[in-house]
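A look at the structure
Listed below, chain by chain, are the residues.
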Amino acid sequence: MQFLNRIGLILLWLAAPLVAFAAANKNDPYLLVLRGAGNIALVLTSIVIVLILLRSGRWRTIAGRLLVIVWCVPPLLMSAAHLKFELRKYDVLAASAAEARQLGPHFMVGYSSFPEIARLAEQGLIGGIYVTRHNIRGRTVEALRAEIAALQDKRRAAGLPALVVAADQEGGIVGHLAPPLTKLPALATLAGLAPDDQQAKAAGFGRIHGRELAGLGVNLNLAPVLDLKPPVRRNRLDFHTLIGQRAIATDPAVVGAIASAYVRGLEESGVGATLKHFPGIGRVRTDTHHFSANLDTPVKELEATDWLPFREVLSHSRSALMVGHVTLTAVDPDRAASHSKRVVEGIIRDKWGYQGVVMTDDLVMGAIYQHDVCRAVVEAINAGVDLLLVAYDGAQFYRIFACALDGSRQGKLDTAMLSASEARLARGFPSEQARAASRPVSVARQN
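Small disclaimer: the values here were computed from a predicted structure and weren't measured.

**Concerning the overall build of the protein chain**
The secondary structure content of the protein chain amounts to 18 helices and 12 strands. For 447 residues, the compact-globule estimate of 2.2 N^0.38 gives 22 Å, and the C-alpha radius of gyration of the protein chain, at 24 Å, lies within 12% of that figure. Counting only C-alpha atoms, the protein chain reaches 80 × 50 × 50 Å along its principal axes. Each of the 447 residues in the protein chain was classed as buried or not, and the buried ones make up 54%. Considering only intrachain contacts with a sequence separation of at least 6, the fraction spanning at least 24 residues in the protein chain is 76%.

So this is what it looks like as structure tokens:
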């Protein structure tokens, strides 16, 4: 029994710093699974352990007292982390109407709580929402459609432009609203068909996605993927990007033809497309969901290969362009493309002449979030990025918006860039078009 008691004490000593770390970082995206009930369980566990230690007489020894104190720390750290979050949230929600009008249109946010996202929408603190699997899980298509319509109604009542409503329906392994929407194969499955069949099938996929998304009130699809397919799996630890399964083909011409047809089908249904992930993640071996990644390929080689599909589809569509979190070392070795002025303004705007909507990949991804996210936010806005995406963990919106708010108050934001971006958003997602897309359209139920 004495041996077991010692083992138990050792385990308590080992577990205490881990629990304290989790408590202090309760708002970190990596600990999203502990939110709510998990945090309550962690606090209750700490309290129960303290009570057990006290009742067992551990307080009578110096080591026992220290162990009791150590287990009192997690609830205190969690309270401090929660207070910090609430103060930041209060500061964001207390932003002036002028600040909301200037910054809000540039943020697209995922959400779990309807009352919370409704408040952000009504105050003009966001310009768009991102809906994904947890928004539809256990619910009907009609319920999500009504929720999106209610948000658009609140925007109209507040005299604000309609929200951009985005979803991730690529087909294949990324189809976050399927089911209940139709689960389609990846566009990569069309690469082996004859050219005419490729385009006919791809346009059909686009029409199906477009019709069903428009029926929900979604007006922007975060698809198609235009990264070139890597010849081999790039990283055995890549459990999230999985670009080898999502990319269409290794041949830029095939990628461009299939993607163009798919985008055409989407746009015919009233839904915009998003080309991703410029400047290309097929060549990098690191998963930007967790780590920084460098793209070391010379620009001339990229222009002759990886970038051909992007330029082709952009030339004859109204697609948005998503910029990924890889560092294009030949152009800007000091920052990811998603917040690089040399990439966004220098290549996309000036060299290509593209004046459509540019958005970041999810800012909650480790390649950005685990570094200086405030620097990235300010630099992205000043680079001419139009939409900053906060998708995986919508609660991080308050931290990320606070970065922009502080940048504005300190005079770090380029107001001319913000004005130009506002004009692009108005052209890229006209209010009447977005409102039309938000009106209920019949969507076939999927069994």
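Past the structure itself, the notes keep going.
**Comments concerning the sheet that holds strand S3 (residues 164-167)**
Strand order in the open sheet formed by 8 strands is S11-S9-S7-S6-S3-S2-S1-S12, and the pairing between neighbours is parallel. Looking at which strands have only one partner, the edges of the open sheet turn out to be strand S11 (358-360) and strand S12 (388-390). Judged from the 2 bridges that link them, S3 and strand S6 (residues 220-221) form a sheet pairing that is parallel. Residue pairing for S6: Ala166 is matched across the bridge by Leu220. Taken strand by strand, helix H10 (residues 252-268) contacts S6 and strand S7 (272-278), and its axis lies near 145° from that of S7. Strand contacts of helix H16 (residues 397-409): strand S1 (107-110) and S12, with the helix running at about 165° to S1, the strand carrying the most contacts.

**Considering the nonpolar core**
One finds Leu125, Ile126, Ile129, Val131, Phe278, Val377 and Phe397 to be the most contacted residues of the largest nonpolar core, which totals 104 residues. Sequence-distant contacts of Ile126, that is, excluding residues within four places in its chain, are made with Gly104, Pro105, Phe107, Val109, Ile117, Leu120, Ala121, Arg155, Leu163 and Phe397. One finds Ala166, Met322, Ala391 and Leu425 within the second-largest nonpolar core, a separate group that totals 14 residues.

**As for the state of the cysteines**
With the rule as written, the count across this model stands at 1 disulfide. One disulfide in the model links Cys374 with Cys403; its S-S distance is 2.0 Å. Since a negative S-S torsion denotes a left-handed disulfide, the Cys374-Cys403 link at about -65° is left-handed. Here Cys374 is found in helix H15 (residues 373-383), whereas its partner Cys403 is found in helix H16, with 29 residues between them in sequence. The class of Cys374 is partly exposed, set by a relative accessible area of 32%.

**Things to note about the pairing of S7**
Of all 7 residues in S7, 7 are buried, a share of seventy percent or more. As judged from the 2 bridges shared by S6 and S7, these two strands associate in the parallel manner. Looking at the pairing, Leu220 lines up with Gly272 of S7. One ladder, built from 3 bridges, connects S7 with strand S9 (residues 320-323); its direction is parallel. Its bridge partner lying in S9, Thr274 is registered against Ala320.

**Considering the confidence of the model for the protein chain**
Mean pLDDT over the protein chain: 91, with 93% of residues reaching 70 or higher. In this model, residues 430-447 is a region of pLDDT below 50 whose contacts with residues beyond four sequence positions or in other chains number 35 contacts.

**Considering the packing of helix H2 (residues 37-55) against helix H3 (residues 62-93)**
Interaxial distance between H2 and H3 falls to 9 Å at its minimum, and their mutual angle equals 160°. With respect to each other, H2 and H3 are oriented roughly antiparallel. Where H2 crosses over H3, the two elements pack in a sense that is left-handed. Across the interface between the two elements, Asn39, Leu42, Val43, Ser46, Ile49, Val50, Leu53 and Leu54 of H2 pack against Leu67, Val68, Trp71, Cys72, Pro74, Pro75 and Met78 of H3.

**Thoughts on the pattern of salt bridges**
Applying the stated criterion across every chain yields a total of 19 salt bridges. The partner of Arg246 in a salt bridge is Glu170, with the nearest N and O atoms 2.7 Å apart. Taken together, the residues span a long stretch of sequence, with Arg246 in helix H9 (residues 243-246) and Glu170 in strand S4 (residues 169-171) at a distance of 76 residues. For the pair Arg246 and Glu170, one class covers both residues: buried. Among the ionic contacts, a cluster of salt bridges with common partners joins Asp168, Glu170, Arg246 and Lys276.

**Here's the deal with H16**
Side chains three or four residues apart in an α-helix point the same way, a direct result of the helix having 3.6 residues per turn. Taking 1.5 Å of rise per residue, 13 residues should cover 18 Å, and H16 covers 18 Å from first to last C-alpha, within 8% of that figure. Listed as buried for H16 are Phe397, Tyr398, Ile400, Phe401, Ala402, Cys403, Ala404, Leu405 and Gly407. Among the structural elements, H3, helix H4 (97-103), S1, helix H5 (114-122), H15 and S12 are those in contact with the buried residues of H16. Where H16 terminates, the next one or two residues include Gly411, which has phi positive at roughly 75°.

**Some words on the packing of aromatic side chains**
Under the defined criterion, the tally for this structure stands at 9 aromatic pairs. An angle of 85° between the planes, with centres 5.8 Å apart, marks the rings of Phe85 and Tyr398 as edge-to-face. Of the two residues, Phe85 sits in helix H3 while Tyr398 sits in helix H16, which places them 313 residues apart along the sequence. Of the two residues examined, Phe85 and Tyr398, each falls in the buried class.

Reading the values: the criteria
Residues numbered from 1 in each chain as written. Predicted model: local features only at pLDDT ≥ 70, side-chain atom pairs only at ≥ 80, totals over all residues. Heavy atoms only, no water. Helix = DSSP H or I, 4+ residues; strand = E, 2+ residues; numbered from the N terminus. Rg over C-alpha atoms; globule rule 2.2 N^0.38 Å. Buried < 20%, exposed > 50% of the residue type's maximum accessible area, 1.4 Å probe, protein only. Contact = heavy atoms within 4.5 Å. Pairing = 2+ DSSP bridges. Axes fitted to C-alpha atoms, helices over the stretch in contact; angles between N-to-C directions. Core = buried A, V, L, I, M, F, W, Y, C linked by side-chain atoms within 4.5 Å. Disulfide = S-S within 2.5 Å. pLDDT = per-residue confidence, 0-100. Parallel < 35°, antiparallel > 145°, perpendicular 65-115°, else oblique. Left-handed = near helix turned anticlockwise from the far one by under 90°. Salt bridge = Lys/Arg side-chain N within 4 Å of Asp/Glu carboxyl O. Expected span 1.5 Å × (residues − 1). Phe/Tyr/Trp six-rings, centres within 6.5 Å; stacked < 30°, edge-to-face > 60°.

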